[in-house]
Structure formats: C-alpha cells, structure tokens
Amino acid sequence: MILFNGSHGVDQIQQLSDYIDHSSSIVAVTGAGISVAGGGMTYWQMALSNRRAGVRPGSGGSYQSFLPTYLDNMFSYQPSFAHYALADLEKEGKLIGIITTNVDCMHTIAGSRNVAEIQGSLQVNCCSGCGRHYDSYEIWKQEELPLCKSCGGEILPWPIYSHVGLWEEDVRKSRSWISKADLILVIGTQGNYGGVYWNYRRKDAIIVQINPGHTGFDHAAALNIRRESDDVFQRLQERRRENG
C-alpha cells in the first residue's frame, strides 16, 4: 500500500477519503492543473502565444490558426481522471458544484452537470454582429469559422468577446454553492479570481488542496496533498473501494 504521508506521518489519501465520506456538500475549485494533467493545452497557454502572433478565433485566416493551436488540441484530448472522478462524486450526491476558471469545457465533457465557469468558456458564445447566443462547444468542431444563422456575423467565445470578463450567471452559482459547502477541494489552481466567490464560503468548511506546488491556499487548507490530481484521485478511488 502506498501512502501519501504528510509531515506527521498521516495517510493523506485515507484522510481525504474520510473527509469525503463525512461530508454532505462538497465543492471543487479547479484550475489549469486539472486539465494539463489530461494532456491538454490551456486556453491561456494558447492565448499567450497567439496574442504575439495577432491570432484570435475569427476572420478566416486567424481562425485557421486558432483551430490547430487550440481547438484541435481541445477535442483530441480527453478529460483527465480527476475530471471523471469529480463527475462521479456528483453522481453520488456528494459534490454540489465545481467552480473553475478553465474554459476548455472538460468538466462538462466528463459528465459534470453543475459547473460554474466563472470566466465563461468555449460553450458560451455570442455573435459579434447581432448578439445571438450559441451556447455549445459543439459549434467549434468544424473546419470553417462558425457564422451566425441570423445575420452572418462571426461567432466568438465569451473569453474573446468579453475581453476576459466574468460570466456573472456562473459567478452567482459559485457564491451560492460555496456558501453551502462543508468541504472544499482546491485542485490545480492558484486561485485567480477567487475574490469573487471565496469570501462567501462557510467559515467552518474544511479545505483540502491538491497541488504539487505551493499556492496562496497553503495556510487555509487543513490538508495539503503535494501531488498531481490524477495521481491523487486514482489512489482515492482504490482506497474507497477497499473501505467498501
């Protein structure tokens, strides 16, 4: 049996399992780390390189550059083990919601239903001409730039047409969920934009952080597991099976 031991010799996987078993309202807060573990490129990695080249998902040639550098990558890799594990916790009735800054839709693709994408995502899209919404990531699965059926205008994803703004509908969801959570799992995130929801959490909520690096959540967490999220959730699944 492999133990993830903390500084005091605590079996961290068993401790995480116990927290989950004794919780009735879990919220997960996720960032780029959970998606990179699945082999994908984050939107912001793509945006940084494409900004230098003047590329955005619009206007013919720019879209053709956007397609292979991000969209092909997005649809060629699968959600990580951790994405699926969170979807399973939701099906168990344990997880009430996921708060994420990721825009890659991987939580939805993995089967999670209650996802607050606070910066929007590739499934929140709007016509740049008439403002009609096309809220599905499926429209990006094509070779040509998607155009509006009403006016023929370019369809752009929320992070582009909002200039990286906040998706207020999902911000409201995030605040509601975290105010009810008795256990908060912070997974692969530095906590960017956490100020819009973090102060709404229950003060007695237990916080567990899963991240190989140090972050601003270190001192708030009752348990810090310095491992990649897939590694942790694979071991967690095995342990919960052993425990029956």
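This text follows the structure it describes.
Since the model is a prediction, treat every value here as computed from it, not as a measurement.

A. Highlighting the packing of helix α5 (residues 81-92) against helix α9 (residues 229-242). The N-to-C vectors of α5 and α9 enclose an angle of 45°; their axes lie 8 Å apart at closest approach. With respect to each other, α5 and α9 are oriented oblique. Handedness of the crossing formed by α5 with α9: left-handed. Of the residues in α9, those touching α5 at F81, A82, A85, L86, L89 and E92 are S229, D230, F233, Q234, Q237 and R240. A per-class count over the contact of α5 with α9 returns six nonpolar, three polar and three charged.

B. Structural view of the nonpolar core. L16, L86, L185, I187, V208, I210 and F233 are the most contacted members of the largest nonpolar core, which totals 22 residues. Counting residues per element, the ones that place at least two in this core are α1 (12-21), β1 (26-30), α5, β2 (95-100), β6 (183-187), β7 (206-210), β8 (223-225) and α9. Sorting elements by how many residues they give to this core places α5 first, with four residues. Setting aside its immediate chain neighbours within four residues, I210 contacts L16, V186, I187, G188, I225, R227, E228, S229, V232 and F233. Grouped together as the second largest cluster of nonpolar side chains are 18 residues, A116, V171, V186 and F217 included.

C. Up close: the sheet that holds β8. One open sheet accounts for six strands, arranged β3-β2-β1-β6-β7-β8; its pairing is parallel. Two strands in the sheet have a free side with no partner beyond their single neighbour: β3 (115-117) and β8. Across the sheet, the axes of successive neighbouring strands diverge by a mean angle of 15°, strand direction being ignored. In this structure, β6 lies alongside β7, joined through five bridges in parallel fashion. Bridging across to β7, I187 finds its partner in I210.

The rules behind these values
Residues numbered from 1 in each chain as written. Predicted model: local features only at pLDDT ≥ 70, side-chain atom pairs only at ≥ 80, totals over all residues. Heavy atoms only, no water. Axes fitted to C-alpha atoms, helices over the stretch in contact; angles between N-to-C directions. Helix = DSSP H or I, 4+ residues; strand = E, 2+ residues; numbered from the N terminus. Parallel < 35°, antiparallel > 145°, perpendicular 65-115°, else oblique. Left-handed = near helix turned anticlockwise from the far one by under 90°. Contact = heavy atoms within 4.5 Å. Nonpolar A, V, L, I, M, F, W, Y, C, P; charged D, E, K, R; others polar. Core = buried A, V, L, I, M, F, W, Y, C linked by side-chain atoms within 4.5 Å. Buried < 20%, exposed > 50% of the residue type's maximum accessible area, 1.4 Å probe, protein only. Pairing = 2+ DSSP bridges.

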